[in-house]
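A structural walkthrough
What follows is the residue order along each chain.
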Amino acid sequence: MPLVFSEDSLDTISKSCVVIQPKNVSDTSTSKGNGSHFESSGFQNLLAGAEPTEALKLRHCDCYRNLSEIQSKVDNALLNVNQSSIDELTFFVNSAYTSLEGANIHGFTLPSREIPAALLFAGINIPDHEMLFSQIAQRLRQQESNHVAVLQSKDCVNMKSLMKSLSDQIIDFNPDFENEEDQMEEMTFSIREQADTCLPKYDIEVLAQWFENKCDKQQQNYQDQTPQQKIVILIQDSEAFEPSLLEDLIYSCSNYQDRLAVVLLIGVATTIESFQKALSKSILGLLRIEKIHMQKPEKSLNEIVSELLVENPHGIKLAQGPYKLLHNIFLLHNYSVASFVSKFKYAVMHHFYANPLSILAGIESDEVKKRLPLLSKNHLENIRMQQSFRRYVEQRLSNTNEVRSLLKDDDYLKNLLPDIVHTIGLYHKKFAIAFEFVWLLQQSFDHRFAISRKPKHLLYYLALREEEGLRSAYHIKDLLENLKKLDSTSLSNFLHNCSNYLSTNPYATLCVTDEISLIVDFSTRLFAIEQQYAEENKAEQNSSRSSNIDQSSKHPGLLSAFAHQSSRATNVAKKNLIDGAIGSVKNYTSLVAEISQFFDNIFDAYLKHYSTIMLHEIVYYDVTKLLKNGFTVQPRTAIQSGLGHPRHYINCDCCHYEDDEDDIDQILPTEQDTCILYKLYLECGKMINMYDWLVAFRSIIEKKELIGESEAQARFIRSVGELQLLGFVKPTARKTDHFERLTWGH
């Protein structure tokens, strides 16, 4: 049942988010029975306040548990996607100083060496880089010899703040000191005494002295052998840094190359040309640059969709509308994985916040049995109101006793819930297996069918969009037709990949035991056919290729040896070879048809639409409007609302409207000048005469008090300039004393 709030609490259009506190804010949420305190974080008792407090606690705990699991799965998915790139990056850092080529030539020491620097091309979305760079830093910190610092432009406005951020992250502070500032001050003071100079608090000399002490403790000689200790500086958003600041950092590190082993990892969101243009040639000459490309965001989205929505049988899912909205925002607007994940988290949070049935979501059937006593009559009535429950009852109309029990007997419905939740989980497990089969089948085709391959995030959208399930999509029909054209080698690899996937899937032995044995049987029979043909081919190795057989081109993997027979053979040998080949091809064709029908049945049975499952509303989030209003930017609507209803934004008491609902049609002299001019603008046509506009504007503002002509013109010009800046009007060359109107409607 929907929550009902007071009208006063929502009477605002100037706020993008309205926080509605519980009635007893001081007590937050208190159990009526025992008075125990519970921090609900804004969660409220649903079902018109009749929801038990224990159910509220479960929704709250399940929400944060699911959000934590989502973040963990996202981190693992992104780490798996970028594993090869991170390995390459780790190898670069470890081998950056394995050789000091060019440092000493014929006994002559060069004045400087190039700083090892890797350019990380991580995509155009700089906000996504934060998660990626944190994973890289965590991976590099696993080696004690790497001292890692991550620099962001927001923390490095000048060289002093940059060095402070760098020193705070790299220098190992002694726990005996009360704070880091005291130890930094002590280190700086000792270095001042040694060098007899006045050093600032955060200086690269302090860092160099600390690094030398660190190396001396491990008995390393930096000038004689390769240093194991390295300072790794990750620059997360290089485009946002001031170029002069980066140049100063690189130049300082180059000057201290004889004392500091520095490795630079620079994140680039655009191209290497833009990076080269930002820095001078003399600074670029101090870098030994290598390029490392991270995986594209689309591949990361594939892995996230697979982990969160496909492979997770007990997690919260997105219905067609919300997933389509998030999918379109990703592809058409920001191309940001972090944005997709944050929106999905918001959907999960709202599902637990506003859906009283969410206490049954994301848990096993055994846990459902433990929660049955918490279900009140309002919960059961809410279950009976769901569309899927109604369809289920309509399908059982022939059994009047069962229908009567479903609608009237609360105990009967309660006892049915564990089986329903188990059925939902079983559907998701089988769906994940069939979905992976579709993906593996796509990968089995060569480059000629590459255009028909679809990424996982698009396949999942097709599964949600098709009312009869993914099997009814034209793409699946096309895949099954092409399956019959696979050669024996590709078909064998496909069956082998399916068997390997089932062996690694923890739910396969519980859900698809018969399918596992059939796939193994298909692989065995296919191998037997290939062996049989190989033996026949070996016995007739002196026979020639028969011109009557035209099927060899269809199955090159099976009949490859047949195509290379000797041209010198007797007619009897030719006939024997033809008979043996025809028999093998018939067996192969029959087996391929059987395999195609097998996967057709699997897709038809396991790729059904989620709406066919009873009470899928428990786990599927289907509130599109909330996500659209929260994450789709509409600046023009906000600007027009502000200019048309200024009292909601200014919050003043001087404007008294005759009708509070239609204040946009009323123009008061107490309103802000731009608002007055905007309301007059709504009454104009395509071309606005500036003099008539000025006269109308002056006639309104002079109702409050008489003002001079120059002041009225100044206020008018300023307001016109603001409207032009907001994109409502523009000057036109057709009439010099006119402005052109650019927007219509409000």
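Above this text you will find the structure in question.
Overview of the structure. (Residues numbered from 1 in each chain as written. Predicted model: local features only at pLDDT ≥ 70, side-chain atom pairs only at ≥ 80, totals over all residues. Heavy atoms only, no water.)

1. Side note on the sheet that holds strand β12 (residues 687-689)
Whether parallel or antiparallel, the strands of a sheet pair through hydrogen bonds between backbone atoms. For clarity, the threshold we go by: Here, any two strands with at least 2 DSSP bridges between them count as paired. Only DSSP runs of H or I with at least four residues qualify as helices, and only runs of E with at least two residues qualify as strands; both kinds are numbered from the N terminus onward. With axes taken as lines fitted to C-alpha atoms, and helix axes fitted only over the stretch in contact, angles between N-to-C directions fall between 0 and 180 degrees.
Across the sheet, which stays open at both edges, the three strands sit in the order β12-β14-β13 with antiparallel pairing between neighbours. The open sheet is flanked by β12 and β13 (729-731), the only strands paired with a single partner. The sheet shows a mean angle of 35° between the axes of neighbouring strands, direction not considered. In terms of strand pairing, β13 meets strand β14 (residues 738-741) through three bridges, oriented antiparallel. Considered in β14, the bridge of Val-729 is made with Arg-741.

2. Quick notes on the packing of aromatic side chains
How two aromatic rings sit relative to each other is set out by the distance from centre to centre and by the angle between their planes. As a reminder of what qualifies: Two aromatic rings, drawn from Phe, Tyr or Trp (for Trp, its six-membered ring), form a pair once their centres lie within 6.5 Å of each other, and the interplanar angle then sorts them: stacked below 30 degrees, edge-to-face above 60, tilted otherwise. Each residue's exposure class comes from its accessible area (1.4 Å probe, protein chains only) as a fraction of the maximum for that residue type: buried when under 20%, exposed when over 50%, partly exposed otherwise.
All told, the structure shown has 19 aromatic pairs when counted by the stated rule. A centroid spacing of 6.5 Å and a plane angle of 85° characterise the contact between Tyr-323 and Phe-340, whose relative ring orientation is edge-to-face. Of this pair, Tyr-323 sits in helix α11 (residues 320-334) while Phe-340 sits in helix α12 (residues 337-354); the two residues are 17 residues apart in sequence, bridging distant segments of the chain. A relative accessible area of 0% places Tyr-323 in the buried class. A ring pair is formed by Trp-693 and Phe-716, whose centres lie 5.8 Å apart and whose planes are at 85°; its orientation type is edge-to-face.

3. A word on the packing of helix α14 (residues 377-384) against helix α17 (residues 410-443)
What counts is decided by this rule: If an angle is under 35 degrees, it is roughly parallel; if it is over 145, roughly antiparallel; if it lies from 65 to 115, roughly perpendicular; otherwise it is oblique. Only heavy atoms matter for contacts: two residues are in contact if any of them lie within 4.5 Å across the pair. When residues are grouped by polarity, Ala, Val, Leu, Ile, Met, Phe, Trp, Tyr, Cys and Pro land in nonpolar, Asp, Glu, Lys and Arg in charged, and all others, Gly among them, in polar.
Closest axis-to-axis distance for the α14/α17 pair is 11 Å, and the angle between their directions is 75°. As far as their axial angle goes, α17 and α14 are roughly perpendicular. In this structure, α14 uses Lys-377, Leu-380, Ile-383 and Arg-384 to contact α17, whose residues at the interface are Asp-410, Leu-413, Lys-414 and Leu-417. Its residues placed into classes, the contact of α14 with α17 shows four nonpolar, no polar and four charged.

4. A few points about the nonpolar core
So the rule is basically this: Throughout this description, the term nonpolar core refers to a set of buried Ala, Val, Leu, Ile, Met, Phe, Trp, Tyr and Cys residues connected via side-chain atoms within 4.5 Å.
Among the nonpolar cores identified, the biggest contains 107 residues, and Phe-437, Phe-599 and Phe-603 are the most heavily contacted of them. Broken down by element, this core gets its largest block of residues, 16 residues, from α17. Discounting chain neighbours no more than four positions away, the residues touching Phe-437 are Phe-494, Cys-498, Tyr-501, Leu-502, Ile-519, Phe-599, Ile-602 and Phe-603. Judged by nonpolar contacts, the second largest core, of 64 residues, contains Ile-86, Tyr-97, Leu-132 and Leu-264.

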